[in-house]
Amino acid sequence: MSRRGHPSRRGPRCGDPALVSREKELREKLGTHLRTEPGKWCCACRQWLPLEAFGPNPELRSGFKSSCRSCCAERTRQWREANPEYLADYNERRRAEYRAERPLSTRPCIVCNEPFSKRADALVCGERCRNRRKHEQRKAAADRFGSSLPVRRQPSIHCLASLWRHGGNGH
Ligand SMILES: [Zn+2]
Ligand SMILES: [Zn+2]
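Definitions and limits used
Residues numbered from 1 in each chain as written. Chains lettered and ligands numbered in written order. Predicted model: local features only at pLDDT ≥ 70, side-chain atom pairs only at ≥ 80, totals over all residues. Helix = DSSP H or I, 4+ residues; strand = E, 2+ residues; numbered from the N terminus. Buried ≥ 20, exposed ≤ 12 C-beta atoms within 10 Å, placed from the backbone. Contact = placed C-beta atoms within 7 Å. Pairing = 2+ DSSP bridges. pLDDT = per-residue confidence, 0-100. Expected span 1.5 Å × (residues − 1).

Participant: Describe the overall build of the chain, naming the residues involved and giving the relevant values.
Facilitator: Of the regular secondary structure elements, the chain holds six helices and four strands. Counting all 171 residues of the chain, 5% fall into the buried class. Within the chain, counting contacts between residues at least 6 apart in sequence, those at least 24 apart form 11% of the total.

Set out below in structure tokens:
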């Protein structure tokens, strides 16, 4: 009869020892917070916040950014404010790249025949010609339907009322 040793004192394996000790350190630092709510410490505003308050960062072990969304937004805003020339250059460069990839061809407007260059799917040179075209299309449609389809008269309110009256009392 062989006695087996005590069952292992250690619980189920819980991953990376470095992570475990870091979590322990955090627990001590934050007291009960870590035990009660799932969340994360924002290293910028120094608050314990729910996980939804953090954007993703797959490069970090936690899978989340180390600053909360509002701290990140604030940092971005400050950076933009401090670098207006860089930002203007960057936007200008991006616009130029975009245009180089999608060159605008010059072709005649289908309404006024004047050459114009706009998005590839544009057919008219501008607002005025767009309105003119719409107007003409509507007119053409009205003419077509107006001549080919017989106009069926809707019964008037008066006729409907008399139908209901005569049908309703069985005469
Ligand atoms: Zn924060
Ligand atoms: Zn035009």
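Participant: Can you lay out the pairing of strand S1 (residues 39-42) for me, pointing to particular residues and giving the numbers?
Facilitator: Direction of pairing for S1 relative to strand S2 (residues 47-50): antiparallel, over a ladder of four bridges. From the neighbouring strand, Cys42 faces S2, where its bridge partner is Gln47. Adjacent in sequence and paired antiparallel, S1 and S2 are bridged by four residues, among which Arg46 carries a positive phi angle near 55°.

Participant: Tell me about the environment of Cys45, and name the residues and values.
Facilitator: Secondary-structure assignment places Cys45 in the loop between S1 and S2. Taking the C-alpha atoms as reference, Cys45 lies 9.2 Å from Ser70; in sequence the two are 25 residues apart. With residues up to four places along the chain from it excluded, the contact list for Cys45 reads Cys68 and Cys71.

Participant: So, unusual backbone geometry: which residues are in play, and what are the values?
Facilitator: Phi is positive for Arg46, close to 55°, though the residue is something other than glycine. Note on placement: Arg46 falls in the loop between S1 and S2. A residue is classified by how many C-beta atoms lie within 10 Å of it, and Arg46, with 8 of them, is exposed. For Asn113, which is not glycine, the phi dihedral falls at a positive 70°. In this fold, Asn113 is placed in the loop between strand S3 (106-108) and strand S4 (115-117).

Participant: Lay out the environment of Cys71 in plain terms, naming residues and giving numbers.
Facilitator: Locating Cys71 in the fold gives a position in helix H3 (residues 69-82). Judged by the 20 C-beta atoms lying within 10 Å of it, Cys71 falls in the buried class. Spatially, the C-alpha atom of Cys71 lies 8.4 Å from that of Cys42, the residues being 29 residues apart in sequence. Each residue touching Cys71, except ones within four places of it in the same chain, is listed here: Cys42, Ala44 and Cys45.

Participant: Hey, could you go over the confidence of the model for the chain for me, with residue numbers and the actual values?
Facilitator: Low pLDDT means the predicted coordinates in that region are not meant to be read closely. Of all residues in the chain, 67% have pLDDT values of 70 or greater, and the mean over the chain is 79. Within the chain, no element has a lower average pLDDT than helix H2 (residues 33-36), which sits at 53, and none a higher one than H3, at 96. Taken together, the stretch residues 1-14 has pLDDT below 50 and engages in one contact with residues farther than four places along the chain or on a different chain.

Participant: Run through helix H4 (residues 84-101), naming residues and quoting values.
Facilitator: Taking 1.5 Å per residue, 18 residues should reach 26 Å; H4 reaches 26 Å between its end C-alpha atoms and fits that length. The element H4 is largely exposed, with a buried count of zero among its 18 residues.

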